[in-house]
Amino acid sequence: MSTKLFVIRHGSVEKDPALAPELWPLSETGRAKTEDLARQEDWTGVVRLYHSPERKAQETGTIISRITDIPLQPLDDLRDVCPMASLSAEPVEIQGGNPLYLSENRKSATDRIVQCIHDLAHRHHGQSIGIISHARILALLYSHILGRKITLLEWLSVPLPGLSVIDVDQWRVERGFLSREITEFSK
């Protein structure tokens, strides 16, 4: 039996300029669509869900866990990357020193998410697991899997919330985020 990874992008958020982005909660629409996703998906065999420490990912995971009875656990390596500094060559600390927003260069962030998935796949060999994370870090994961930088159109095709399934043993996307191109290029 192969190791399946259910890759989930968090639901849409309620942006509040008074809060740091990692503290933004899900919007009413984000909660409703996450509930729909949790009810419509076949979660058979998924033994655990891991989520980014950011509030929007935690809330997405909590909703899915409540509906599916799949245990939920935070995992720091699923955190997002800072959009302004993630393309820089060197790590830079963003204003305020928030530990969730210590930026990484693209390679470091890619290495982090790929190692995280490898570690989870090793821990759950032959089982299905889920991760709840963010579009920027997931774009780096998919770029690694596909061996090319994914396009802006592909990145924008990732819905809030969105779900994809990867066969981790073969590093193959079985179901993409509504983008035929991602699924076709991975075969």
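From a predicted model like this one, the values you see are computed outputs, not experimental measurements.

### Observations concerning the sheet that holds strand E1 (residues 4-9)
Spatially, E3-E2-E4-E1-E5-E6 is the arrangement adopted by the 6 strands of the open sheet, whose pairing is mixed. Each edge of the sheet is formed by a strand with only one pairing partner; in this case those strands are strand E3 (72-74) and strand E6 (172-175). Each adjacent strand pair in this sheet contributes to an overall mean axis angle of 30 degrees, direction not counted. In terms of strand pairing, strand E5 (residues 162-167) meets E6 through 3 bridges, oriented antiparallel. Looking at E6, one finds that Asp167 is bridged to Arg172. Sheet contacts for helix H3 (residues 106-123): E1, strand E2 (46-51) and strand E4 (128-133); angle to E4, the most-contacted strand, approximately 155 degrees. Set on the sheet, helix H4 (residues 135-146) makes contact with E1, E4, E5 and E6; between it and E1 the angle comes to about 145 degrees.

### Let's talk about the side chain of Glu59
With respect to the secondary-structure elements, Glu59 resides in helix H2 (residues 55-68). Judged by its relative accessible area of 17%, Glu59 is buried. From its side chain, Glu59 meets the backbone nitrogen of Leu26 in a polar contact 2.8 Å long. In this view, Glu59 contacts Pro25 and Leu26; residues no more than four positions away in its chain are not counted.

### Section: the confidence of the model for the chain
Of the residues in the chain, 83% have a pLDDT of 70 or more, and the chain-wide mean is 84. The low-confidence segment residues 178-183, where pLDDT is below 50, has 15 contacts with residues more than four positions distant or belonging to other chains.

### Comments concerning unusual backbone geometry
In this structure, Pro161 follows Leu160 across a cis peptide bond, with omega equal to -15 degrees. Here Pro161 lies in the loop between helix H5 (152-156) and E5. The backbone of Trp171 shows a phi angle near 50 degrees, a positive value even though the residue is not glycine. Structurally, the position occupied by Trp171 is in the loop between E5 and E6.

### Section: the packing of helix H1 (residues 28-40) against H2
In the contact formed by H1 and H2, the axes pass within 9 Å of each other and the chain directions differ by 40 degrees. Taken together, H1 and H2 sit at an angle that is classed as oblique. Considering how the two elements wind past one another, H1 and H2 form a crossing that is right-handed. Across the interface between the two elements, Arg31, Thr34, Glu35, Leu37, Ala38 and Arg39 of H1 pack against Thr60, Ile63, Ile64, Arg66, Ile67 and Thr68 of H2. Looking at side-chain class alone, the contact of H1 with H2 contains 5 nonpolar, 3 polar and 4 charged residues.

Parameters and conventions
Residues numbered from 1 in each chain as written. Predicted model: local features only at pLDDT ≥ 70, side-chain atom pairs only at ≥ 80, totals over all residues. Heavy atoms only, no water. Pairing = 2+ DSSP bridges. Helix = DSSP H or I, 4+ residues; strand = E, 2+ residues; numbered from the N terminus. Axes fitted to C-alpha atoms, helices over the stretch in contact; angles between N-to-C directions. Contact = heavy atoms within 4.5 Å. Buried < 20%, exposed > 50% of the residue type's maximum accessible area, 1.4 Å probe, protein only. Polar contact = N/O pair within 3.5 Å; in protein donor to acceptor, adjacent residues only side chain to side chain. pLDDT = per-residue confidence, 0-100. Parallel < 35°, antiparallel > 145°, perpendicular 65-115°, else oblique. Left-handed = near helix turned anticlockwise from the far one by under 90°. Nonpolar A, V, L, I, M, F, W, Y, C, P; charged D, E, K, R; others polar.

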